[in-house]
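Each chain, letter by letter, is given below.
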Amino acid sequence: MFIKQLSIFVENQKGGLAEILAELGSNGIDICALSLADTTDFGILRMIVDDAEKAKNVLINHGVVVKINQVLGLAVDDTPGGLASALSALHAGDIAIEYMYAFVGESDKHAMVVLRTDDNEKALETLKAAGASILTEADIRRK
């Protein structure tokens, strides 16, 4: 039930992000979700695509540093406090969130959330026990 996510090292220079995205697009790779966190000199682009292995190979061949990580996906009620209940379950299980981002899915009743924790296996079991709706790669790809 884990989802493959690309973590891509991006130098902070004009056009760097556009070049990476153009390379993926020209190779027919569809981006389903993404997040960009930056520092002064570089950023980490995290994204879920329709074919993580192909995207990784395309980017490596283009000279880009990229790694595939395992993350969790959740569908949470799109209501006040919807995400809080899932995060409360993780807190009660003594699980720390390393990062998290959200994106729009096809449902107007749920928010789609991607997260990585300090113990993804334990987080998955904790969230399942709490009744959280765990997403698969197919759920995120929408295909």
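The structure under discussion appears in the preceding block.
Just so you know, these numbers come straight off a predicted model, no measurement behind them. (Residues numbered from 1 in each chain as written. Predicted model: local features only at pLDDT ≥ 70, side-chain atom pairs only at ≥ 80, totals over all residues. Heavy atoms only, no water.)

1. Points about the packing of helix α3 (residues 82–92) against helix α4 (residues 120–129)
Inference 1: Direction vectors running N to C along α3 and α4 enclose 125°, while the axes themselves pass 9 Å from each other. In terms of orientation, α3 and α4 fall into the oblique class. Judged by the twist between their axes, the crossing of α3 over α4 is right-handed. Every residue of α4 that contacts α3 at A86, A89 and L90 is listed here: A123, T126 and L127. (Axes fitted to C-alpha atoms, helices over the stretch in contact; angles between N-to-C directions. Helix = DSSP H or I, 4+ residues; strand = E, 2+ residues; numbered from the N terminus. Parallel < 35°, antiparallel > 145°, perpendicular 65-115°, else oblique. Left-handed = near helix turned anticlockwise from the far one by under 90°. Contact = heavy atoms within 4.5 Å.)

2. Concerning a nonpolar patch on the surface
Inference 1: A surface patch of nonpolar side chains, about 250 Å² in accessible area, is lined by F9, F42 and V65.
Inference 2: Along the chain, the position of F42 falls in strand β3 (residues 42–49).
Inference 3: Judged by its relative accessible area of 31%, F42 falls in the partly exposed class. (Patch = residues over 30% accessible without salt bridge, like charges linked within 9 Å, V, L, I, M, F, W, Y side chains within 5 Å. Areas by Shrake-Rupley, 256 points an atom, 1.4 Å probe, with all protein chains shown as cover. Salt bridge = Lys/Arg side-chain N within 4 Å of Asp/Glu carboxyl O. Buried < 20%, exposed > 50% of the residue type's maximum accessible area, 1.4 Å probe, protein only.)

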